[in-house]
Amino acid sequence: MTVGDVWDQRISAFLLSPSQFLVIVTPESFLAELLRELRNDKANDQLKILLLSVLLEHPTILCPSATVGEETALELLSVFTHTPQKSISLKCNVMLAITNVIICTSCLAICTKMAEDWLELLFQTIQDTNDYRCGLTQQHIRAMACECLREMESCNPGLLSQKLEALYTLKQQETTLLHQSYCMLYTLGLKNAIQILTNHKDVTDLEFKDVLGGNEGFAWKSCPVPLNLLPINMMVQVPRLPPGLDCRELKSIMSSLLEESYLLTPISQSALLRELVEIVAMVPGLSPALFKSQLLRLFGTAEVELMHTTLFMKDTFTDSLFTGEDENFLLKRLVGMAQHPLLRIPEKLFYMDCILHFPENRPISSSIEESLPVLVTPRLAASLLPTVFNDSATMLCRLNLLCLVHLEADEGEADKGIGYLFDHVLALITIVDNDGSREVVVTSFRALFIFLMHFNGIEDLSEKLINKLCDLYSRHCHLAPNLIGLADRIQECLDDPIWSVKLLRGLQKCIMEMPPSQLTIHNLSWHLKLLRRVAKEGQITQRNTIYLLLNLLINSNLCERGNWQVGNAVLAVCRNLLQHPSIDQVFIELADLLQYISVHYDDTDIKDHARFYYTLLTNLSWEKLTGVLAKGPDGGRAKERSHSAIMAESEGIANNLTIHKTERHVLRFIKMQEKASKSTLANSDLFETSGESKNWLEVYQGQFQMSDFGSEVTLRYNLAHVQETDPLFDKIFTVCLHFEPKDSNYAKVSDIHMPCIIRDRNPPEVSVKLKPFQPYPTTLHVSAIFTTQDGRSWHSQLPDVSVSFPEIFLPLPLPLNTPRTCKEEVFDCIWKATASGSPDKSAISLFCFKTGDESLADLIKTHFEGYLITEQQSERSWKVLFFLPPMFHILLMIRQAEDAVQVSIATDNWKLLPFVNSYLQNITEHCSTAIADA
């Protein structure tokens, strides 16, 4: 795997979940690695651009403070300076990253030295107009510099307010494609400068002229109050300059910008025109008539962006710029574009929305509710009548618009139009009857909702729709959820829920009149779902529902089959019936139904629930019954103990069925000194003696892969009580221990079950098996569920279990009878392979410390005895090998030098070096302070 592949994986992991990625690596170290690799001359441009994406997406995670942000920006500036001129794409990305870091870490807001220097460099870059100095190849750098300046001006409005004359000169001089970038940068600076002036109480002609002709430094503190976006309804709330100012120079500038606007791309034109509109709205001395010459071009545009700007202009200036003829023409233009065959569906929907929210010169109503413009008449909108051949989104949008049109039309035109829309809705229902695909069903029911929202008060049409829907349900009972959803939404949106009640009553009648052949198990689930919803309506009598359910249970084999889902659906209907306000009228019938279920249904759970509902029905008033069965806002029970409260507490049903939570720790883990592990292989013929030489590393690796070695670390603990607990927990039974690793470096740990733990007895041993994906230290969150002598169940958290780095060490996985010479050959082979391996995986390091001979011997015996490969007392050297699952190694060559002990370290996973270094520091602290580590 190449360095680029490794970084690609790391960057992908970081962007996917920065918080999870930074559990292992600190933000400081990861940022240092990024910057180091960016300075690496051997890394290619594509890799560096990938690294920069981290600072573009999450700058504040790696640079949490302005100080870190400034230091990072300085490092990036160094990278930018040393990047070759031919690496245009990389230089542009570095510029963007520097700007992003400066803005997001508040370096720009607090005016740091780095922000000032970067701003000056960007401004110097854009001064090379027409590429006279640096050549055509650097044009992209200038474009990026313009965008960076524009972003900094947007985030710190007024920053360029004292540079307007210089920016205007640069704009005028630029004749390349970058004229657009200069134009957008100047316009934004001009608008922000004028908006800042509106905050001043008295603005003189001299101050106004100084702003337009400013050619000084950057205005860091020009606006004490942060500027907000200008309001949409600009004529009402827009800040304005005082009248009477000399605006001739500004008018000349505006005219020049408008004349050049057609040279820009549609998106840039739209942004430019919007900012110019805002400027005119803020300066009373400028007339909206400035835009008159642009209207003809804008009216005929096919660009969505420019049409949106035109409507913004109309909403801002109304009849100050648009005549009645302009208004009428623009609406006709929108109607034509809304059905243009060459436009895509999203664009057509945009034009439909523009018609619906058309900014009129003199709107009749200023209500925020959806209302139709006066000029949109049935004659104008006739071409937008919905058809069954429209796509779903277009058809629904047209239907909504035409409903509004005919709702406000004259009586004759309204009747004709409403009749057409009603026939259209009936046609959709017919299509559902014949087709039944999900898209058709959803679209048709949405169309029904739209039609009913406007015309539910027309009784004959409402009745016809109800009859049509009931007839549809009789053939397609799987539409029950759609019908329930339609009834619910209509009930939510209308003040009078009568239509929903009529629909549900009709569906109840439809189910009652169905022949027995349609009451199959499959269909019955839909009928019960619908009857459950019907049972919620207090205006609908429920006696027929109860009779139907009772007849079904008596005259069929439903009870003998004991289907839990069917039984639960029947009980769901009964539950709603228990809360019905007219329950007194059906008390006996409902009691008979519940009693029959509790006796004859062949499912214990259904029987118990039916018996419970019967108890509620016969013992509680309706008010208490609804309180017990009421649901909270989140769908859960309003009172957790309301069911158990009706029973005697001595029965203990609630307590026995509830898992209680302990207030304090009850159990704890005590670490045992011995660590068991799967560290040997079953095959004792691994190293058969032979005259020919072998590559012991290949033999070892091949045998390792063929073996059943599980790469597991088994940690042994004693599970004991904490020192002080409630005597209730002195004897606990059926203990289930559940483990949750803190990170994703380990596989899921299986639950451990134990029969009992009694305080007076020796604490039992617990073996926790860990299977690492990456051999890093970790923490296990442990909880236990157990039962006490009184029969109650408890849940208790245990203190977290920390797994240190040395606890993951395993001896070399070789047979017990492997000769020491073979082990040494394996050590040498692994060392050699590690030293010559890929630098993105392997690593060599050195650790030194001072100690005496006796202390060193004790140290090796205490910490390395189980992992010792060779010991040469004459040369005062030792070889130690740690195996870390799943397949990593740490090799130590320890030598006693004259002035210190040298520990040479080799590993095939360089990420383990910090942990190895910390481990060696810990075990040598009692000897002496380590004097060097690398």
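All values reported here derive from a predicted model rather than from experimental measurement.

1. Things to note about the overall build of the protein chain
1) Next: Along its length, the protein chain carries 37 helices and 15 strands.
2) Next: A separation of at least 24 residues holds for 72% of the contacts in the protein chain among residues at least 6 apart in sequence.
3) Next: Roughly 46500 Å² of accessible area belongs to the protein chain as shown, and the carbon and sulfur atoms make up 52% of that amount.

2. Some thoughts on the pattern of salt bridges
1) Next: Per the stated rule, a full pass over the model turns up 24 salt bridges.
2) Next: A salt bridge links Arg274 to Glu278; its shortest N-O distance comes to 3.5 Å. Residue Arg274 and its partner Glu278 are both found in helix α15 (residues 266-282); the two are separated by four residues, about one turn of the helix.
3) Next: Residue classification places Arg274 among the partly exposed positions, given a relative accessible area of 30%.
4) Next: For Glu278, a relative accessible area of 5% translates into the label buried.

3. Focus on the packing of helix α11 (residues 179-198) against helix α14 (residues 248-260)
1) Next: Where α11 contacts α14, the axes come no closer than 12 Å and their chain directions differ by 145°. α14 is crossed by α11, and the crossing has left-handed handedness. Listed contacts from α14 to His179, Cys183, Tyr186, Thr187, Leu190 and Ile194 of α11 are Leu250, Ile253, Leu257 and Glu260.

4. Topic: the state of the cysteines
1) Next: Applying the stated criterion across every chain, the model contains zero disulfides.
2) Next: Unpaired in this structure, Cys107 has its nearest cysteine sulfur neighbour in Cys63, at a distance of 8.5 Å.
3) Next: The exposure class of Cys107 is buried, given its relative accessible area of 0%.
4) Next: Cys510 supplies the cysteine sulfur nearest to Cys470, a cysteine that is in no disulfide, at a spacing of 5.8 Å.

5. A look at the packing of aromatic side chains
1) Next: Using the criterion set out here, one finds 29 aromatic pairs in the structure.
2) Next: Between the aromatic rings of Phe350 and Tyr351, the centroid separation amounts to 5.3 Å while the plane-to-plane angle is 65°, which identifies the pairing as edge-to-face. The same class applies to Phe350 and to Tyr351, which are both buried.
3) Next: With 6.0 Å between their ring centres and 25° between their planes, Phe827 and Trp831 make a pair best called stacked. Here Phe827 pairs with Trp831, and both are found in helix α35 (residues 820-835), just four residues apart, close to one helical turn.
4) Next: You can call Phe827 buried: its relative accessible area is 0%.
5) Next: Ring-pair connections join several aromatic residues into one group, and the members of that group are Tyr776, Phe805, Phe809, Phe864, Tyr867, Phe882, Phe915 and Tyr919.

6. What to know about a nonpolar patch on the surface
1) Next: Together, Val388, Phe389 and Ile431 make up a nonpolar patch on the protein surface, roughly 310 Å² of accessible area in all.
2) Next: Along the polypeptide, Phe389 turns up in the loop between α19 (345-356) and α20 (392-407).

7. Some words on a negative patch on the surface
1) Next: Together, Asp202, Glu207, Asp210 and Glu216 give the surface a local cluster of negative charge.
2) Next: By secondary structure assignment, the location of Glu216 is in the loop between α12 (205-212) and α13 (234-237).
3) Next: Residue class for Glu216 comes out exposed when judged on its relative accessible area of 53%.

The rules we used
- Residues numbered from 1 in each chain as written.
- Predicted model: local features only at pLDDT ≥ 70, side-chain atom pairs only at ≥ 80, totals over all residues.
- Heavy atoms only, no water.
- Helix = DSSP H or I, 4+ residues; strand = E, 2+ residues; numbered from the N terminus.
- Contact = heavy atoms within 4.5 Å.
- Areas by Shrake-Rupley, 256 points an atom, 1.4 Å probe, with all protein chains shown as cover.
- Salt bridge = Lys/Arg side-chain N within 4 Å of Asp/Glu carboxyl O.
- Buried < 20%, exposed > 50% of the residue type's maximum accessible area, 1.4 Å probe, protein only.
- Axes fitted to C-alpha atoms, helices over the stretch in contact; angles between N-to-C directions.
- Left-handed = near helix turned anticlockwise from the far one by under 90°.
- Disulfide = S-S within 2.5 Å.
- Phe/Tyr/Trp six-rings, centres within 6.5 Å; stacked < 30°, edge-to-face > 60°.
- Patch = residues over 30% accessible without salt bridge, like charges linked within 9 Å, V, L, I, M, F, W, Y side chains within 5 Å.
- Lys, Arg positive; Asp, Glu negative; His and termini not counted.
- Charge placed at Lys NZ, Arg CZ, Asp CG, Glu CD.

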